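Take a look at the letters that make up each chain.
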Amino acid sequence: MHRVYLDNNATTPVLPQVFEAMRPYFGENFGNASSIHHHGQETRAAVESARESVAKLLGCSASEIVFTSGGTESDNLAIAGLAEAGDHVITSSIEHHAVLHACKHLEEIGCELTVLPVDGRGLIDPSDVKHTLRPNTKLISVMMANNETGVLQPVEEIGKIAAEAGAYFHTDVVQAAAKVAIDVMRIGCHALTISGHKIHAPQGIGALYVKKGTKIRPLLHGGRHERSRRAGTENVPGIVGLGKAAEIAKQALDCGDDKKMAAMRDRLEQGILAQVEDVGVNGGRVARVPNTTNIHFDHIEGESLVIALDLKGLAVSTGAACSSGAIEPSHVLIAMGLKPDQARASVRFSLGKQTTADDIDFALALVPETVARLRELSPAYKRQAIST
Ligand code: PLP
């Protein structure tokens, strides 16, 4: 069966060049990067070269990069490592659970926590950050791009507010990296999270930028790896893969590939809006990353649409979570003010580097007829059709 993958915000395929760069580190170049002999020196050089590539993507020094096991660990390291009991922490209602739950854990151990709302467009208002500052505000954690809607947040303004208040600023750029340019100095952050598998490197590798001079308590205790910020023998193949993916991402951004991606995403979005009635784009009125569109298809269940499309070869997703057997609507869409039914009717399409114009044509041929078929089966849609 012909299959098209438009769920790149969940994970991306490892690029062939990334895989090739990693390959020797599973075999002949097997050394422990902490060993002083030839084998160790070989892998140490590869780790440090990857650190340079990641630093170039983010506009920082290599010594400010800490390799971790992924976005979740980087978020937890930043949040648990920069705030402690008695501190006030500010975050937003649309963060990934890696941030929201790490902040909730801080609250359980004695931090004060403020969770900021977003408006109907999915945007945090920087003046809300300013108004919730307290004398003991230690950390502000706000993401750069939302994983469900792709909406870009005003992180530079928030960075300035944090600097004026003398608070740390952490931003999760897992869904922004490789899609838009990132410069840690312009953002004004003390810590910044990226994840390998969202930028065509493998799963299980990530990094945290930690600004020079920022004291961060490690999560893991052990050896003095990563300048005592993250203990544990380095995942050398993963690190090499992340470095290669960062290098490719930087070149692509410099060549304007993000604009080509946005044009494909817009064609998909406009095509669906033109062919299907009772739909709308969640977060469509503000700046977004170029690869994401989140659309509510009223009167149907997003989960049913995801399953029906998958049966025909198209992989997309909903932001819904299954909790205790029931489908919970996405916390992001609910925070934006969508009614639970509309949030449950929403589906995310996310493009990757491997996405082609033919993939978009495939999706455009499939989505309208599949929505129409599901609506024919939907009692809610029939009731609405009779009453209008
Ligand atoms: N932050 C955001 C915004 C994400 O989208 C994700 C993954 O979906 C994560 C953090 C977690 O990253 P990882 O899967 O590498 O732990």
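All values reported here derive from a predicted model rather than from experimental measurement.

With respect to helix α9 (residues 236–254)
Here is step 1: A rise of 1.5 Å per residue sets the reference length of α9, with its 19 residues, at 27 Å; its end C-alpha atoms lie 27 Å apart and thus fit the reference within 8%.
Here is step 2: In terms of residue burial, α9 counts as a mostly covered element, since 14 of its 19 residues are buried.
Here is step 3: Note on α9: the residue one or two positions beyond its end, G256, has a positive phi of about 80°.

Quick notes on the pairing of strand β6 (residues 168–172)
Side-chain direction in a regular strand flips from residue to residue, so the side chains alternate between the two faces of the sheet.
Here is step 1: Of all five residues that make up β6, four are buried, and the element is covered over most of its length.
Here is step 2: Strand direction decides the pairing type here: strand β5 (residues 137–141) and β6, joined by three bridges, are parallel. Pairing of S141 across the sheet is with H170, part of β6.
Here is step 3: In this fold, the crossover linking β5 to β6 by way of helix α6 (residues 155–165) has right-handed handedness.
Here is step 4: Here β6 runs beside strand β7 (residues 191–195); their pairing, made up of three bridges, is parallel. Each residue of the ladder has a partner; that of H170, found in β7, is A191.

Topic: the packing of helix α11 (residues 302–311) against helix α14 (residues 357–376)
Here is step 1: At a closest axis distance of 10 Å, the pairing of α11 and α14 adopts a crossing angle of 125°. By the criterion of interaxial angle, the relationship of α11 to α14 is oblique. Pair α11 / α14 crosses with right-handed handedness. Between α11 and α14, the residues in contact are S304, L305, A308 and L309 and L366, V367, T370, V371, R373 and L374, respectively.

What to know about unusual backbone geometry
Here is step 1: The phi angle at A178 is positive, at roughly 75°, despite the residue not being glycine.
Here is step 2: Here D278, not a glycine, exhibits a phi torsion of approximately 55°, which is positive.
Here is step 3: Of note, D278 is situated in the loop between α10 (257–275) and β9 (279–281).

A short note on the sheet that holds β6
Here is step 1: The sheet built from seven strands is open, its strands ordered β2-β8-β7-β6-β5-β3-β4 with mixed pairing. Only two strands of the sheet have a single neighbouring strand rather than two, namely β2 (65–68) and β4 (112–116). Averaged over all pairs of adjacent strands, the angle between their axes in this sheet comes to 20°, without regard to strand direction.
Here is step 2: Relative to β4, strand β3 (residues 88–92) runs parallel, the two sharing five bridges. Bridge assignment links V89 to a residue of β4, and that residue is L113.

Parameters at a glance
Residues numbered from 1 in each chain as written. Predicted model: local features only at pLDDT ≥ 70, side-chain atom pairs only at ≥ 80, totals over all residues. Heavy atoms only, no water. Helix = DSSP H or I, 4+ residues; strand = E, 2+ residues; numbered from the N terminus. Expected span 1.5 Å × (residues − 1). Buried < 20%, exposed > 50% of the residue type's maximum accessible area, 1.4 Å probe, protein only. Pairing = 2+ DSSP bridges. Right-handed = clockwise from strand over helix to strand, strands pointing away. Axes fitted to C-alpha atoms, helices over the stretch in contact; angles between N-to-C directions. Parallel < 35°, antiparallel > 145°, perpendicular 65-115°, else oblique. Left-handed = near helix turned anticlockwise from the far one by under 90°. Contact = heavy atoms within 4.5 Å.

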